[in-house]
Amino acid sequence: MHVCSLRLSHFRNYDTLEVEFHPQLNLFLGSNAQGKTNVLEALYCLSTTRSFRGSSDDEIVQFSQEAAAIESVVQREEGQEQVRLELRRDKPKTLLVNGKKQKKLSSLLGRLPAVVFSPDDLFLVKGGPSLRRRYLDTMMFQMDAGYLAHLQQYERALKQRNSLLRQRVPNLESQLAVWDLPLAQHGAAIMKRRLEISAQLSRSAGEALRDLTGGAEKFEVRYEPTLPVEGDEGSLEKKMIEAFTKARREEIARGVTVVGPHRDDLGLWVNGQMLRKFGSQGQQRTGALALKLAQLDILAEGCHTAPLVLFDDVMAELDDKRQAFFLNRLQQGGQAFLTGTAPADFAAAQAKARVFRVEAGKIQMTQEGPKPVPVRA
Ligand SMILES: Nc1ncnc2c1ncn2[C@@H]1O[C@H](COP(=O)(O)OP(=O)(O)O)[C@@H](O)[C@H]1O
Ligand SMILES: [Mg+2]
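Residues numbered from 1 in each chain as written. Chains lettered and ligands numbered in written order. Predicted model: local features only at pLDDT ≥ 70, side-chain atom pairs only at ≥ 80, totals over all residues.

Looking only at helices and strands, the chain features 10 helices and 15 strands. At 22 Å, the chain has a C-alpha radius of gyration in line with the 21 Å of a compact globule built from 377 residues. Expressed as lengths along the three principal axes of its C-alpha atoms, the size of the chain is roughly 70 × 50 × 40 Å. Taking all 377 residues of the chain together, 42% fall into the buried category. Long-range contacts, defined as pairs at least 24 residues apart, comprise 70% of the intrachain contacts of the chain with a sequence gap of at least 6. (Helix = DSSP H or I, 4+ residues; strand = E, 2+ residues; numbered from the N terminus. Rg over C-alpha atoms; globule rule 2.2 N^0.38 Å. Buried ≥ 20, exposed ≤ 12 C-beta atoms within 10 Å, placed from the backbone. Contact = placed C-beta atoms within 7 Å.)

Turning our eyes to something else, we now look at the nonpolar core. Formed by 98 residues in total, the largest nonpolar core has its most connected members in Leu27, Leu43, Ala290 and Leu310. At 14 residues, helix α6 (residues 172-212) tops the list of elements feeding residues into this core. In contact with Ala290, other than residues within four places in its own chain, are Ala205, Ala208, Leu209, Leu212 and Phe219. (Core = buried A, V, L, I, M, F, W, Y, C linked by C-beta atoms within 7 Å.)

Across the sheet, which stays open at both edges, the three strands sit in the order β9-β10-β11 with antiparallel pairing between neighbours. Each edge of the sheet is formed by a strand with only one pairing partner; in this case those strands are β9 (219-224) and β11 (273-274). Looking at chain direction, strand β10 (residues 265-270) and β11 are connected through two bridges and run antiparallel. Paired with Trp269 across the two strands is Met274, which belongs to β11. (Pairing = 2+ DSSP bridges.)

A word on the environment of Trp179. By secondary structure assignment, the location of Trp179 is in helix α6. Remark: the alpha-carbon pair of Trp179 and Val355, spanning 176 residues in sequence, is separated by 54 Å. Trp179 has contacts with Ala157, Gln160 and Arg161, leaving out every residue within four places of it along the chain.

Turning next to the pairing of strand β3 (residues 25-29). β3 sits mainly inside the fold: five of its five residues count as buried. By the alternation rule, side chains of β3 split into Leu25, Leu27 and Leu29 and Asn26 and Phe28, which are all buried. Across four bridges, the pairing between β3 and strand β14 (residues 354-359) is parallel. Residue pairing for β14: Asn26 is matched across the bridge by Arg354.

Next up on the list: helix α5 (residues 145-167). Spanning 23 residues, α5 covers 34 Å between terminal C-alpha atoms, matching the ideal 33 Å at 1.5 Å per step. Buried within α5 we find Tyr147, His150, Leu151, Tyr154, Ala157, Leu158, Arg161 and Leu165. Packing partners of the buried residues in α5 comprise α4 (129-143), α6 and α7 (233-254). After α5 finishes, the residue Arg168 shows a positive phi value of roughly 50°. (Expected span 1.5 Å × (residues − 1).)

A separate point is the environment of Ser118. The topology assignment puts Ser118 in the loop between β8 (114-117) and α3 (122-126). What makes Ser118 partly exposed here is the crowd of 19 C-beta atoms within 10 Å. Residues Ser118 and Ala288, 170 residues apart in the sequence, show an inter-C-alpha distance of 9.9 Å. With sequence-adjacent residues up to four places away left out, Ser118 is seen in contact with Asp312, Asp313 and Val314.

The subject of this paragraph is the site of ligand 1. Taken together, 16 residues lie around ligand 1, and Asn13, Ala33, Lys36, Thr37 and Asn38 are the ones closest in. At the level of elements, α1 (36-48) and α2 (57-60) are the ones that each hand at least two residues to the shell around ligand 1. Its residues assigned to classes, the shell around ligand 1 shows five nonpolar, eight polar and three charged. (Near = placed C-beta within 6 Å. Nonpolar A, V, L, I, M, F, W, Y, C, P; charged D, E, K, R; others polar.)

The geometry of α6 relative to helix α9 (residues 281-303) is characterised by a closest axis approach of 8 Å and an angle of 125° between their N-to-C directions. In terms of orientation, α6 lies oblique with respect to α9. Of the two elements, α6 crosses α9, and the hand of that crossing is right-handed. Together, Gln200, Leu201, Ser204, Ala205, Ala208, Leu209 and Leu212 of α6 and Thr286, Gly287, Leu289, Ala290, Leu291, Leu293, Ala294, Asp297 and Ile298 of α9 make up the contact between the two elements. Here the contact of α6 with α9 is composed, by residue class, of 11 nonpolar, four polar and one charged. (Axes fitted to C-alpha atoms, helices over the stretch in contact; angles between N-to-C directions. Parallel < 35°, antiparallel > 145°, perpendicular 65-115°, else oblique. Left-handed = near helix turned anticlockwise from the far one by under 90°.)

Here you go:
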């Protein structure tokens, strides 16, 4: 599977754009603030319906315009498909597939999986737990629409419950209890799934880190929930309700829900040491790369297709050995989009790619790239 073409209108700094991609490697070169990341962002929106920069539609729609559109033709095994996403300032997005409006945006998820590599990935290791939860969640909901439904309902229930806690309404205890059950039901489903994926992640990230460090570093990813995830979903639900009851006084004192998957974390350990606290900057960067490579492997398996690889300003940070490693990985399958400010950023990749020059919201192809070699769709 690959994206054949992309058309944008009033998306960020693009009035209109039409580009045809290489089925394997695509490089975008240009100075800062010209629109390179915006192209990757548009592709990621087609993959997940949202921006990887956490931007709202209001920020994405071009200044002084009311609506933006992202449209692409995707080549699948079963044929070509046209996907169009329309974004408006204060209205929900619309999704059209082959010209037909889709009832649910989420029908897009998992059809065109994508993984972004960016210098900000370092925060996956160094930053707070919310980034690691988001990493887990974006991976999970591309593979499992049921997970997204649990997550959305959990978040809705949590919001209601926290607002009761903040307002200190009368009969607070009995009002809180109303939300305990939905929170426990969706929470238990989320925690079970996170536990499973964490085990898979630990294996996959472990392999990736071994490859990246020539076997020197052993990576362990541990799921760290606020209460032990044991037994089946039903008994976990019961345990969560007990935990809410136990935490009642603390919750009322602090005005927030203190137990549940919204407080989960992933523990990252390298050679038995906590990466966030004891890893060198280099080890932390490599750990983050390994987490992203694991995401690539897990999504490929879970979505039954090689994800798009969006490599935003990352090549320049890698030494020659790592560049060669990634180039080799990228050529094993899937379609890749890389950005950089100078040709030297890409080293060997350049000869094998279609190259585009990005300047002030305009894109020009400067090298067509090799005739594609057949790969797995
Ligand atoms: N909603 C928007 N409307 C118009 N221009 C925008 C919008 N959002 C961002 N931009 C512009 O996009 C440019 C940044 O694009 P970006 O893709 O991040 O650059 P880079 O080439 O450095 O990756 C900036 O010039 C910024 O002003
Ligand atoms: Mg950029």
